[in-house]
Amino acid sequence: MHAENRPESVRARRLLSGTALALAIVFGQTPATAQSRELPDFSELVERVGPAVVNIRTAEKVKMSEGQAEMNEQMQEFFRRFGIPVPNQRRGAPRGGGTPDDDGPMRRGVGSGFILSADGYVMTNAHVVQGADEVIVTLTDKRELKAKLIGADQRSDVAVVKVEASGLPVVKVGDSNKAKVGEWVMAIGSPFGLENTVTAGIISAKQRDTGDLLPLIQTDVAINPGNSGGPLVNMRGEVIGINSQIYSQNGGYMGISFAIPIAEAVRVADELRAGGRVVRGYLGVLPDDITKEIAEAIGLGKPQGAVIRSVVAGSPAERAGIEGGDVVTKVDGKTVDRAADLRRLVAAVKPGAKTTLTVFRRGATKDIVVTIGEDERSKKPGSGNDGGSAEPAAPTGPSAALGLKVSEIAEPQRKELKLKAGVKVDSATGAAARAGLREGDLILSVDNVEVASVKAFQAQIAKAEKSKVINLVVRRDDVTSFVLLKPGR
């Protein structure tokens, strides 16, 4: 069939195809690539970043008890008496089984790191160098340099070591706050001791609360033992994280890994380099996330903020007037979505500085100024007290229908616990028991109203609608929490 006799549709398709081919040639694409997007090529990034990534080997002397050392000597004596070669005993080694330069057996580890400055500062994970008596840094040019530990912060899992060298290649630090879910990233490290291994993937999530203080970056980049401390690099060749954790049920990579955001890591590293330790703010509270059900019941609306379950005696929070049951919604104007946010924001405040906490308390919002203290791990919440006794109230009144028997809190106990209000639960059955109340609990407020006496408590219960959920602020030992009481359920 001649071209002029072919159907118009056939000629139209051929013309369209020819146009597409011409456009592809103009833009430097073949027909195959014109219809698909190319996968990223990491080779240039590896050449650029790779020289600044190092292998870290550690050695830690294994400390044996006197009994273990004595048993070791007895076993070696047994072998010698019967002319049996002593296991792991090398010629010229001392009698204890070590080497002439070794006082005993060594526990060895391997990890990764990257060079921050040309004069030899190297960043890695705290858990890589924790307890190490010797740290050896191996560069990509095969030089092995003994490193000095500058500082390690266990809570952020960041450490800095120093090697004596100059003119070293360094990484380019990026902005981890601008990292996006779905973007390509790569990792360089020494998994299982295999140096300069490159793996790649995408950021699969952000703000994962798997760390103590830092929201981690989640990726699907293959990370294994030995990768710890190595860099997570974006497509611009910038380090945006330190590979730190994996989710695993067998000790190896299972598809999810976590990295410390470089913005936080650099801040920690700067403090370690300046003073060898990290100074954090201290408030003195036990915060918890607030549920949607509780938020609605107390009139907060959306479940946003950190509810204070406990206030440490003598802490900055207690001195400022923070109470159990308060919901902190902002710190210096910065929104607190959950308990982890409160911990991080307070930790970032310099000790001695005044900070304004926005608090939701008994249906109203107020600002409380707190002078932040210095975080010390030795500080622990005080214990509760069951002191005092009081005559139980008769099982009558509005609370009886809820299965509650309450009494006044004895004055000595009230003073010791520094309570301005509250009643004591003597027994809980029915709806009260189902809500989780039990003997000895202290009810501080009912539906956002403080109850200073049994009479006030009964009056407030009587005001509550029979079909409505009643929210109580309850203290048990040194922990304060919300309890939702559901009448007739």
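What counts and how
- Residues numbered from 1 in each chain as written.
- Predicted model: local features only at pLDDT ≥ 70, side-chain atom pairs only at ≥ 80, totals over all residues.
- Heavy atoms only, no water.
- Helix = DSSP H or I, 4+ residues; strand = E, 2+ residues; numbered from the N terminus.
- Buried < 20%, exposed > 50% of the residue type's maximum accessible area, 1.4 Å probe, protein only.
- Contact = heavy atoms within 4.5 Å.
- Areas by Shrake-Rupley, 256 points an atom, 1.4 Å probe, with all protein chains shown as cover.
- Pairing = 2+ DSSP bridges.
- Axes fitted to C-alpha atoms, helices over the stretch in contact; angles between N-to-C directions.
- 1 Å grid on protein atoms, 1.4 Å probe; cavity = no way out; pocket = protein on both sides within 12 Å on 5 of 7 lines; lining within 4 Å.
- Points joined across faces, edges and corners; volume = space filled by probe spheres on them.
- Nonpolar A, V, L, I, M, F, W, Y, C, P; charged D, E, K, R; others polar.
- Phe/Tyr/Trp six-rings, centres within 6.5 Å; stacked < 30°, edge-to-face > 60°.
- Lys NZ or Arg CZ within 6 Å of the ring centre and 35° of its normal.

Participant: An account of the overall build of the chain is requested, with residue identities and associated values reported.
Facilitator: Each helix and strand counted, the chain has 12 helices and 27 strands in total. The buried share among the 489 residues of the chain stands at 43%. The contacts in the chain between residues at least 6 apart in sequence include a share of 61% that link residues at least 24 apart. Surface exposure of the chain reaches about 26000 Å², of which carbon and sulfur atoms provide 52%.

Participant: Could you give me a rundown of helix 9 (residues 339-347), with the residues and numbers involved?
Facilitator: For helix 9, the tally of buried residues reaches 7 of 9 residues, placing the bulk of the element in the interior. Those residues of helix 9 that sit buried are Ala339, Ala340, Asp341, Leu342, Arg344, Val346 and Ala347. Buried residues along helix 9 sit against strand 14 (281-282), strand 15 (285-289), strand 16 (306-311) and strand 17 (327-331).

Participant: Kindly report on the sheet that holds strand 4 (residues 134-138), identifying the contributing residues and their values.
Facilitator: Taken in spatial order, the 6 strands line up as 1-2-3-6-5-4 and close into a barrel, and their pairing is antiparallel. If you compare each strand with its neighbour and ignore which way they point, the axes differ by 40 degrees on average. Both strand 4 and strand 5 (residues 144-153) contribute to a ladder of 4 bridges, which runs antiparallel. Bridge pairing in strand 5 links threonine 138 to glutamate 144.

Participant: For empty space enclosed by the protein, give the residues involved together with the corresponding values.
Facilitator: All chains considered together, the criterion is met by 1 cavity of 30 Å³ or more. Around the largest cavity sit Val53, Val54, Asn55, Thr138, Leu139, Thr140, Ile188, Gly189, Ser190, Glu195 and Asn196, which together line it. Looking at the lining of the largest cavity, the elements that each hand over two or more residues are strand 1 (53-61) and strand 8 (184-189). Looking at the lining of the largest cavity element by element, the count peaks at 3 residues for strand 1. Classifying every residue of the lining of the largest cavity gives 4 nonpolar, 6 polar and 1 charged.

Participant: Quick one: what's the story with the pairing of strand 20 (residues 364-371), residue by residue and with numbers?
Facilitator: Bridge count for strand 19 (residues 354-361) against strand 20 is 8 bridges, and the pairing is antiparallel. Within strand 20, the position partnered with threonine 358 by the bridge is aspartate 367. The antiparallel pairing of strand 19 with strand 20 creates a hairpin that spans 2 residues between the two strands, and arginine 362 there sits at a positive phi of about 50 degrees.

Participant: Pulling in residues and values, what's your account of unusual backbone geometry?
Facilitator: The phi dihedral of aspartate 157 is positive, around 65 degrees, even though this residue is not glycine. Of note, aspartate 157 is situated in the loop between strand 5 and strand 6 (158-163). Located in the positive-phi region is aspartate 447, a residue other than glycine, with phi close to 50 degrees. Among the secondary structure elements, aspartate 447 is positioned in the loop between strand 24 (442-446) and strand 25 (449-450).

Participant: Hey, could you go over the packing of aromatic side chains for me, with residue numbers and the actual values?
Facilitator: Here the structure, examined in full by the defined rule, presents 1 aromatic pair. Pairing phenylalanine 42 with tryptophan 184 gives two aromatic rings, centres 6.1 Å apart and planes at 65 degrees, and the pair type is edge-to-face. With a gap of 142 residues between them, phenylalanine 42 in the loop between helix 2 (31-34) and helix 3 (43-49) and tryptophan 184 in strand 8 connect regions that are remote in the sequence. Exposure remark for phenylalanine 42: the relative accessible area of 13% places this residue in the buried category. The ring of tyrosine 121 carries the charged tip of arginine 273 above its face, separated from the ring centre by 3.9 Å.

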